[in-house]
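In case you want the letters, here they are:
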Amino acid sequence: MAKIGEQQLKEQVKSGAFKNVYLFYGEESYLKEYYVNKLKEKLVAPAFADFNFHQHEGKNSTLEDILTDTEIVPMMSEYSLVLVHDFPFDKNGDVDKLKEFFKDVPEFCVLIFWYDSIELDTKRSSKWSGLVTAFSKAGDAVNLEKRTEGELIKLVMNSAKKRGCSIERQRAQYFISVVGSDIQTIFNELEKICAFVQSGEITKKHIDDLAVKCLQARVYDLSKFILKGNSDGAFGVLNVLFAQKEEPISVLAVISSCYVDMYRVKCAKAAGEQANDIANYFSYKGREFLIQNAARDSANISVQALRASLDVISLADEKMKSTAIDKNLLLEETVAKLLMLRAR
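The notes below deal with the structure included here. Please read all numbers here as calculations on a predicted model, not as lab measurements. (Residues numbered from 1 in each chain as written. Predicted model: local features only at pLDDT ≥ 70, side-chain atom pairs only at ≥ 80, totals over all residues. Heavy atoms only, no water.)

The helix and strand tally for the chain stands at 16 helices and 8 strands. Across its three principal directions, the C-alpha atoms of the chain cover 75 × 50 × 45 Å. Taking all 344 residues of the chain together, the buried fraction comes to 46%. Here the analysis covers contacts within the chain between residues at least 6 apart in sequence; of these, 75% occur between residues at least 24 apart. Positive and negative side-chain charges in the chain, numbering 46 and 49 respectively, have mean positions lying 6 Å apart. (Helix = DSSP H or I, 4+ residues; strand = E, 2+ residues; numbered from the N terminus. Buried < 20%, exposed > 50% of the residue type's maximum accessible area, 1.4 Å probe, protein only. Contact = heavy atoms within 4.5 Å. Lys, Arg positive; Asp, Glu negative; His and termini not counted. Charge placed at Lys NZ, Arg CZ, Asp CG, Glu CD.)

Right, let's talk about the packing of aromatic side chains for a bit. Summed over the entire model, instances satisfying the criterion amount to 13 aromatic pairs. Seen in terms of ring centroids, tyrosine 34 and tyrosine 35 are 5.0 Å apart; in terms of plane orientation they differ by 85°. Their pairing is edge-to-face. Among the residues examined, tyrosine 35 registers a relative accessible area of 4% and is labelled buried. Pairwise contacts between aromatic rings join Phe87, Phe89, Phe101, Phe102, Phe113, Tyr115, Trp128 and Phe135 into one cluster. (Phe/Tyr/Trp six-rings, centres within 6.5 Å; stacked < 30°, edge-to-face > 60°.)

Let us now look at a nonpolar patch on the surface. Together, Phe51, Met75 and Met76 line one region of the surface with nonpolar side chains, adding up to about 340 Å² of accessible area. Topologically, phenylalanine 51 is positioned in helix H3 (residues 49-52). (Patch = residues over 30% accessible without salt bridge, like charges linked within 9 Å, V, L, I, M, F, W, Y side chains within 5 Å. Areas by Shrake-Rupley, 256 points an atom, 1.4 Å probe, with all protein chains shown as cover. Salt bridge = Lys/Arg side-chain N within 4 Å of Asp/Glu carboxyl O.)

The tally for this structure, following the rule as stated, stands at 2 cavities of 30 Å³ or more. Estimated volume of the largest cavity: approximately 90 Å³. Taken together, Gln216, Tyr220, Ser223, Lys224, Leu227, Cys258, Asp261, Met262, Leu290, Asn293, Ala294 and Asp297 make up the full set of residues lining the largest cavity. Sorting the residues of the lining of the largest cavity by element identifies helix H11 (215-228), helix H13 (248-270) and helix H14 (289-297) as the ones contributing at least two each. The biggest single contributor to the lining of the largest cavity is H11, with 5 residues. Class assignment for the residues of the lining of the largest cavity results in 6 nonpolar, 3 polar and 3 charged. The wall of the second largest cavity is formed by Val312, Leu315, Ala316, Lys319, Leu330, Glu333, Thr334 and Lys337. Residue assignment for the lining of the second largest cavity shows that the elements contributing at least two residues are helix H15 (303-322) and helix H16 (327-343). Its residues assigned to classes, the lining of the second largest cavity shows 4 nonpolar, 1 polar and 3 charged. (1 Å grid on protein atoms, 1.4 Å probe; cavity = no way out; pocket = protein on both sides within 12 Å on 5 of 7 lines; lining within 4 Å. Points joined across faces, edges and corners; volume = space filled by probe spheres on them. Nonpolar A, V, L, I, M, F, W, Y, C, P; charged D, E, K, R; others polar.)

The parallel open sheet is built from 6 strands, whose spatial order is E1-E6-E2-E5-E4-E3. Whereas interior strands pair on both sides, the edge strands pair on one side only; in this sheet they are strand E1 (2-4) and strand E3 (53-57). Going across the sheet, the axis of each strand differs from the next one's by a mean of 15°, ignoring polarity. As judged from the 3 bridges shared by E1 and strand E6 (residues 140-143), these two strands associate in the parallel manner. Across the sheet, alanine 2 pairs through a bridge with aspartate 140, a residue of E6. This element, helix H2 (residues 29-43), spans strand E2 (21-25), E3, strand E4 (80-85) and strand E5 (109-114) of the sheet and lies at about 155° to E2. Of the strands in this sheet, E1, E2, E5 and E6 are in contact with helix H6 (residues 126-138), which crosses E2 at around 140°. (Pairing = 2+ DSSP bridges. Axes fitted to C-alpha atoms, helices over the stretch in contact; angles between N-to-C directions.)

Across soluble globular proteins, nonpolar side chains show a tendency to be buried alongside one another. Core analysis: the biggest nonpolar cluster contains 80 residues, and Phe24, Ile202, Leu222 and Tyr259 have the highest contact counts within it. Those residues in contact with phenylalanine 24 that sit more than four places away from it in its chain are Leu9, Lys32, Tyr35, Val36, Leu39, Ile112, Phe113, Trp114, Tyr115 and Val142. In this structure, Tyr25, Val84, Tyr115 and Leu120 belong to the second largest nonpolar core, which totals 27 residues. (Core = buried A, V, L, I, M, F, W, Y, C linked by side-chain atoms within 4.5 Å.)

The next thing to look at is the side chain of serine 298. Examined against the element boundaries, serine 298 turns out to sit in the loop between H14 and H15. Of the polar contacts made by the side chain of serine 298, one reaches the backbone oxygen of alanine 294; its length is 2.7 Å. Every residue in contact with serine 298, bar those within four places of it in the chain, is listed here: Met262, Val265 and Lys266. (Polar contact = N/O pair within 3.5 Å; in protein donor to acceptor, adjacent residues only side chain to side chain.)

In this section: the layout of surface pockets. Its volume calculated, the largest pocket comes out at about 680 Å³. What lines the largest pocket is a set of 25 residues, among which Glu6, Lys10, Tyr35, Arg147 and Leu155 lie closest to the centre. Looking at the lining of the largest pocket, the elements that each hand over two or more residues are helix H1 (6-15), H2, helix H7 (149-162) and helix H9 (183-197). The dominant element in the lining of the largest pocket, judged by the number of residues it contributes, is H7, at 6 residues. Broken down by class, the residue content of the lining of the largest pocket amounts to 9 nonpolar, 5 polar and 11 charged. A class-by-class count of the residues in the lining of the second largest pocket yields 4 nonpolar, 4 polar and 10 charged.

Structure representation (structure tokens):
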């Protein structure tokens, strides 16, 4: 009984050595849903699902209703499954009631609390950190995090092969940089490209022509134009983002992250470290390509220029969040200021 990750959970599903209590949380939505369904397949026979499977949406259920279902003896099965999605634990005493229940969990019941739209901020919330600890003592708290870039590359290559196509490692890395690190999005975009290619090698042109770029990739294109001093290209991308109804605050946040990545790389090099060393200090899991991009893009930019640019971005962020100014106009002004700094 402990805090575990994907590998340990995968072994449990394979061996059938189930715990009576699970908490699923973490950044990767696809993996959480995938393993919930895997456990359901293992634990609940379809013919007896009406008797042995009990599902609760957190906002529509009380803890009393949930715990009552855990007492229902399964029919023609070793286990019953009680699945609870996004239970908020807003009521005083709910956490204490659940901890009391954990002292005597029915052996025939598997209880899963699955969090998707509610973020478990275990670092800043004592409620959530205490809940994770309670689940880890009573059963398993499963943190399903983003996969590393290497794991995602392998996933893309294997998935393409299953669909009758092939993609080389470097091209798979480029594909991830375009569509992002969300696994469900990766599968959706790869399915589309493979349906077009049918068989053979997936090329960069296939990716550029068919894959839908994530916001990170589109704003990265904007940042590249800014860094090249190409105002036509920068405002062209910005107009496309406006037409696609992207939130200016979200766009500014990605621009900020691009500049922060470059600043971190420059500071690392100034301290005598390699660019990739910053992954040891900051969260780049599944997004390691950002470090390589930052190292390349910041080659001809001084630390001072990056600091000045971050000051401009920080001021724009403050204005967007505290004034009634037109956010699209403010974003255009910020891009113009960044272009002027690059020109200097």
